[in-house]
Every structure is written in structure tokens, then in C-alpha cells.
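Structural overview for review
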Amino acid sequence: MEQLVLLLVFCIALAFLSFYSSRWSLLSPHFCFTICFVPGIAFSFFYIDEWNLDLSSMTVLVYLLGIFTFFITCLASQAIFNKFTIKSKYSISKRINKLNISKSKLALIIVIQLITLALTYIFLFRHYGTNLSEAMFNYRINETTNSPSFVELPFIIKILRRFCLSIGFFTCYLFVRELVYGYSVIKKISFYCTLLAILNGITLGARGDSIHIIFAGIIQFLIIYGIKNRGHIFKISIFFKIIGIFLILLFSFSFVGELLGRNMMTFLGLRDYIAVYISAEIKNLDSFIGQGNFGSSLSNSQVFANLSKLLAFICMDPSIEHSLTNPFQFINGFALGNVSTIFYAFVFDGGLIGLVIFTVIMGIVCQFFFYKALKSDPSSQICLSIIFYSYVLFTVSFSFFSDKFYEMIFNPVFVWFSLILFLAKRFFSMKFNCRY
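To start, this report covers the structure provided alongside it. Everything numeric in this text was worked out from a predicted model, so none of it was measured.

A closer look at the overall build of the chain
Counting secondary structure elements, the chain contains 17 helices and two strands. The 436 residues of the chain split such that 50% are buried. Accessible surface computed for the chain: about 20700 Å², of which carbon and sulfur atoms make up 67%.

Right, dumping it as C-alpha cells:
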């Protein structure tokens, strides 16, 4: 228990230091990274006996070193970036412009979203049964177990789904910007676009993409609201509304899982269900560290697992391509899942040296995106830097769960996401003149 108390006090102390370091602190990567571990550590006190939760000194060191390294890296990067700043851009523009966004273009996005939904459902019903929940469940089981009966999504549906999910972050930005500045010209239709993107995110039984879009929308709102109010984002009413949204998401997580065919609640109570998602990672990491098997080659790297296919192609070495290999954990008959915080991948690949190196890289990249977002001017234009940071901050805030950062940023999917955002901005900025 002493180890957990130490970690909890350490994280809370750093979170307070982050909070008072800047009026933007609630949105800073070092605050979100530090605070994200607090709920899981606090909740794990209920499972000390059930999970034999007696952390090794090495596990405690990994937590302390990883969190502190990220904290210091972000502060140092912030100081360096600010040194090259002449004037904060959020205080430059006082004129608020309506974005000249065509409703017909957004209507086209809605049509593409609906077509993608329909094609995905037709595929599921054709190959995995006519009951939607069972079809989603069967698809995911066959996919994750590499079953011989697994039928892969057709290429055209994959492309459409990638487009729909990526464009959801863009239309979400349009919606929250209209919300902050009080316009209603495209607010409704951009909301419907975003809602359809969220629905597309759950059609194959996963919840991560949809949660990502919702989370990004909250961050985009706070950044735009803060820039409009010259950095003052902390209001009690807004704070409690955000807490309420996260609580709703948390308690609806299991219910949505049931609808998507994940019947974990049939053998887990609500408390155990939450513990698996926010606290079991601590025990899983401790179990891995207890094995003392650190360091891997590129052909088995966990940090670059999602990038391995591209690396294999570039290096012309098929052996480099591989998947994540974190095993499913059990303790005293209790299923703990197969995720072990962000530190698992770092230590797996390079031990404590790898932990420091990968954490420093992550901190610099995150702080750069944060810096670019705060220097944008959403009052007069579409600011992709805000959308990018809302995407990246999600990976930081779920570090308690797994290595979302390297899995989602050092990934060809992020390249597609970036390309779609740039093309979307260009498309919605273009004016078409029809001559008869």
C-alpha cells in the first residue's frame, strides 16, 4: 500500500504544480499526462488483496521516472518554444469572422457518412449474422483471434471509414467553433456530420474512435473558448459540465459495450468492470517488470508495432512486420486484460534508458502541438493546429491505459488523418463558380 500512496501523492503534487504553472494548464500535456494516472491508482486501493498488489521498487521507479521525465520535458520545451514567440496570437485578432462554409458541402459529407454506414452494415449482416450486436461481436472476435473464418472489410469500405472518422474531427471543430462564437449558420448540419462520424466509429464493435472524437470536441471547445477569452478557460460551470460528460461516458461505457456485443457485465460487476479499464494496468505492468525481460529488436518493438508494416516495406525486410504482443493477464482467477500503461512498451523496448528516450520524444512532440494550437487564431479561419492537438491530447490522456501515443501518432493512419484534414480545409475553402 505504501507504494501506491507514494505514487498517488507524487502524481497529485505534480498535477498541482502543472495547474498553477499557467492559465492554460488544464489543457497542457504535462497536466493531462500526470492527472490521468490518478483515478487508476486511487481505485486500485480496493484491489490490493484481490490482485496481490504489492508493487516492486522497479515498478515504482518506472512510474516516478516516466511521469517526472515527461513533466520536465514539457516544461523545458515550453520555455524553448516561448523564447521564439514575439506575441501571443490569441490576443491579436479582435474581429470575429463567419466562416464561409457551404451547407451543400457539409450535406455531401453527410451523404458519404450514410453510405459508409449502410455498406458497413450490409457487410456485417452478409458475413456475420443479421443480429447487429452479435455481428459486431463476431467480427471483432474473428479479427482479434485471426480466425480462418474471418472475412476482412473490402478495401473501398476501409477507405470510406477512414475518411468518415477523420472528417469527424474536422466537422466537430466547425460545430464547436460555431458554438463558442454564437453562430448557428452551420451548427446543426456540422453536428449531424459529427454524430454520423461517431456512429461510424462504433459500427465494428469498437468504442475508441467514437470516444476519441467526443474527447477531441471537448478539447477543441476549451481551446477556442480560451483563445476567445484571452486564455481564461477555467469557469466552475464549464468545469462541472465537463466532469459530468466524462462521468456519463464512464458509466455508459459498459452499457454501450453490451449493445456492441461485449458482454463483460454478465460476469463482472460495475466496480470490477471499471477496475479492469482504469486500474488493472498497474498490476499488469508490475507483473511484466517482475519478469525482468527488457530490451527488444526492431523486429519485435512494441513502440513501433503499428509502424512495422511500413518499416518492413522501407527496409525490404518482412520479418520486421509484427503486432503488439502484450499477453492477457489473470490474477487469482480475475481477468485483468492485456494492457499495461504506456510504460510497458517503453520498458519492453529499451528498459529504463528506453523509458527516458521515448518519454522525452513524446514530451517534445506533444508540447509542440500544444504550442501551435495556442498560437492559432480560430476567430478568422479554420485552424488545423487545434484539431491536431485535440487528436494528440487524447493519446496523452489515455497513457494510464496503453501506449496510445506511439500507437496512434507513429502510425500510417495518422498520415491519412493529416492528409484528409489538409484536403478538407482546402475543399471547404474553395469557391466553385457555376457558369451556364
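Brief notes about the side chain of Asp 377
Inspection of the secondary structure assignment puts Asp 377 in the loop between α14 (343-374) and α15 (384-397). Within the structure, Asp 377 has its side chain in polar contact with the side chain of Ser 379 (distance 2.5 Å).

Some words on the packing of aromatic side chains
Per the stated rule, a full pass over the model turns up 55 aromatic pairs. Ring centres of Phe 81 and Tyr 371 lie 5.3 Å apart, and the angle between their planes is 35°; on these two criteria the pair is classed as tilted. Of the two residues, Phe 81 is situated in helix α4 (residues 57-83) and Tyr 371 in helix α14; the sequence distance between them amounts to 290 residues. One exposure class covers both Phe 81 and Tyr 371, and it is buried. Measuring from ring centre to ring centre gives 4.5 Å for Phe 394 and Phe 398, while their planes differ by 35°; the resulting arrangement is tilted. Classification of Phe 394 by relative accessible area gives buried; the value is 5%. Put simply, the rings of Phe 81, Phe 169, Phe 368, Phe 369, Tyr 371, Phe 388, Tyr 391, Phe 414, Phe 417 and Phe 422 touch in pairs and so form one group of aromatic residues. Here Lys 105 stacks its cationic end above the ring of Phe 427, 5.1 Å away from the centre of that ring.

Structural notes on the packing of helix α2 (residues 29-36) against α14
At a minimum axis distance of 9 Å, the contact between α2 and α14 shows a crossing angle of 140°. Between α2 and α14, the crossing angle belongs to the class labelled oblique. Of α14, the residues touching α2 (which contributes Pro 29, His 30 and Phe 33) are Phe 343, Met 362, Cys 366, Gln 367 and Phe 370. For the contact of α2 with α14, a count of residues per class yields six nonpolar, two polar and no charged.

Remarks on helix α7 (residues 155-181)
In this model α7 runs 40 Å from its N-terminal to its C-terminal C-alpha over 27 residues, within 8% of the 39 Å that 1.5 Å per residue would give. Of all the bends in α7, the greatest measures close to 25° and is centred on Gly 168. Most of α7 is tucked away, with 20 of its 27 residues classed as buried. Gly 182 sits one or two residues past α7 and shows a positive phi near 80°.

Some thoughts on a nonpolar patch on the surface
A surface patch of nonpolar side chains, about 390 Å² in accessible area, is lined by Leu 108, Val 111, Ile 115, Leu 119 and Ile 122. Considering the arrangement of structural elements, one finds Val 111 in helix α5 (residues 103-128). The partly exposed category is assigned to Val 111, whose relative accessible area is 42%.

Focus: the packing of α2 against α15
Between α2 and α15, whose axes approach to 8 Å, the crossing angle comes to 30°. The pairing of α2 with α15 is recorded here as roughly parallel in orientation. Crossing of α2 against α15: the hand is right-handed. The segment α2 lies against α15, with Pro 29, Cys 32, Phe 33 and Cys 36 engaging Tyr 389, Leu 393, Val 396 and Ser 397.

Definitions and limits used
- Residues numbered from 1 in each chain as written.
- Predicted model: local features only at pLDDT ≥ 70, side-chain atom pairs only at ≥ 80, totals over all residues.
- Heavy atoms only, no water.
- Helix = DSSP H or I, 4+ residues; strand = E, 2+ residues; numbered from the N terminus.
- Buried < 20%, exposed > 50% of the residue type's maximum accessible area, 1.4 Å probe, protein only.
- Areas by Shrake-Rupley, 256 points an atom, 1.4 Å probe, with all protein chains shown as cover.
- Polar contact = N/O pair within 3.5 Å; in protein donor to acceptor, adjacent residues only side chain to side chain.
- Phe/Tyr/Trp six-rings, centres within 6.5 Å; stacked < 30°, edge-to-face > 60°.
- Lys NZ or Arg CZ within 6 Å of the ring centre and 35° of its normal.
- Axes fitted to C-alpha atoms, helices over the stretch in contact; angles between N-to-C directions.
- Parallel < 35°, antiparallel > 145°, perpendicular 65-115°, else oblique.
- Contact = heavy atoms within 4.5 Å.
- Nonpolar A, V, L, I, M, F, W, Y, C, P; charged D, E, K, R; others polar.
- Expected span 1.5 Å × (residues − 1).
- Bend = angle between axes of the 7 residues up to and from the residue.
- Patch = residues over 30% accessible without salt bridge, like charges linked within 9 Å, V, L, I, M, F, W, Y side chains within 5 Å.
- Salt bridge = Lys/Arg side-chain N within 4 Å of Asp/Glu carboxyl O.
- Left-handed = near helix turned anticlockwise from the far one by under 90°.

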